[in-house]
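# Structural features, examined
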Amino acid sequence: MRVVAVHLLNDYSGSPKVLMQLVKGFVKNDIETHLYTCGTREGFLSNIPKVNHHFYWYRFVKNPILRLLFLTFSQLFIGLKLIFFLKKTDVLYVNTVLPFGAGIAGKLKGCIVIYHIHETSMKPKILKDFLFGIVNWSASEVVYVSNFLAKQEFMDIKKNVLYNVLEESFVEIAYKNLNKEKETKIILMICSLKAYKGVNEFLKLAKINPHYTFKLVVNANQSEIREYYKNDVIPPNLNIYPTQKDTHKFYQEASILLNLSDVNLWVETFGLTILEGMAYGLPVIVPPVGGVVELVEEGKNGYLIDSKNIDLISKKINELLTDAILYNKMSQESLEKSKFFGQEYFESESLRIISKI
């Protein structure tokens, strides 16, 4: 068997990290694995040992018209490349719905085409309909990252639910640092630098809670951060950090982890950063809809609150950080919940999906 995996934008966000875990599992089990992704930037998919790397052109830009043009051209390139590279006996593994050129090429070559679907919030609707239409036409099977997403984006194709999990190396480091003393009370959020991810609400929380430290880690560089906040006054208790390859130090020193995605603009289909925080025993506050509700139980290991309800989120933060018994109980529940989402489950399930084809 030969697996050919395709991803559009290689960076340090959640979907390429999941694919990195998948291809590592494939090569670990002696499956010949080829990986196609853009070669214009470093990310989780760079330099994975024993993987045959192939690159094609794609560049992310803010301008939506240019971005659509770049996406279209990149998929023409990858589609043509794959037409000449793929064999009918290959398994084509397409990560996210964006690499539609790969799906078309796989279908035309008669390959088994598996789509790993991470997203549901996508605009404009015409683009989403087109991309999911290609999936519906070309896919032999689909893999969803949560039961929520499987219901939200139902297609009449063989389906699998494969939860995102933590790497063994991540868990080992997390467990070593679990009992270290926290010098101060820190509220942490790790996300993209987008309004729909709740970065503006995080700023508001920092302003109304000056007695706590707030740390925001965004998938952006310093110039992008300065541009985004050029009209805002950043309070002294809010620290904003650019893209981080290693987030352990942030989880280790944090007391609470937040996800403030706007439920009207962006529905979280899983929430890998939430799971990472739970492995550090962090109580979490997340939106009340989406895949995150499969990780968080209300009042047990965190709270399910709409990000627009700043007052309630602030109240729960203060309750957690002033009630040691409540905090320790939720912390232990978070840690226990995270233990299900391990590498052994992930590898066995992904191999089952590949092997049964």
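A quick note: this is a predicted structure, and the numbers were derived from the prediction, not measured.

## Quick look at the sheet that holds strand E4 (residues 91–95)
In space, the 7 strands of this open sheet follow the order E3-E2-E1-E4-E5-E6-E7, with parallel pairing throughout. Looking along the sheet, the strands with just one partner apiece sit at the ends: strand E3 (52–56) and strand E7 (158–161). Averaged over all adjacent pairs, the angle separating strand axes in this sheet is 20°, with direction ignored. As judged from the 5 bridges shared by strand E1 (residues 2–6) and strand E2 (residues 32–38), these two strands associate in the parallel manner. By the bridge assignment, Val-6 is partnered in E2 with Tyr-36. Seen against the sheet, helix H1 (residues 14–28) touches E1, E2, E4 and strand E5 (112–117) and runs at an angle of roughly 155° to E4. Set on the sheet, helix H13 (residues 343–355) makes contact with E1, E4, E5, strand E6 (141–144) and E7; between it and E7 the angle comes to about 170°.

## Observations regarding the pattern of salt bridges
Where charged atoms from two side chains of opposite charge come close, those side chains can pair. Taken as a whole and judged by the stated rule, the model has 16 salt bridges. Between Lys-128 and Glu-153 there is a salt bridge whose closest N-O contact spans 2.7 Å. Placement of Lys-128 in helix H4 (residues 125–138) and of Glu-153 in the loop between helix H5 (147–152) and E7 is noted, with a sequence separation of 25 residues between them. By relative accessible area, Glu-153 is classed as buried at 10%. When salt bridges with common partners are traced through the structure, they connect Glu-201, Asp-262 and Lys-308 into a single cluster.

Analysis parameters
- Residues numbered from 1 in each chain as written.
- Predicted model: local features only at pLDDT ≥ 70, side-chain atom pairs only at ≥ 80, totals over all residues.
- Heavy atoms only, no water.
- Pairing = 2+ DSSP bridges.
- Helix = DSSP H or I, 4+ residues; strand = E, 2+ residues; numbered from the N terminus.
- Axes fitted to C-alpha atoms, helices over the stretch in contact; angles between N-to-C directions.
- Contact = heavy atoms within 4.5 Å.
- Salt bridge = Lys/Arg side-chain N within 4 Å of Asp/Glu carboxyl O.
- Buried < 20%, exposed > 50% of the residue type's maximum accessible area, 1.4 Å probe, protein only.

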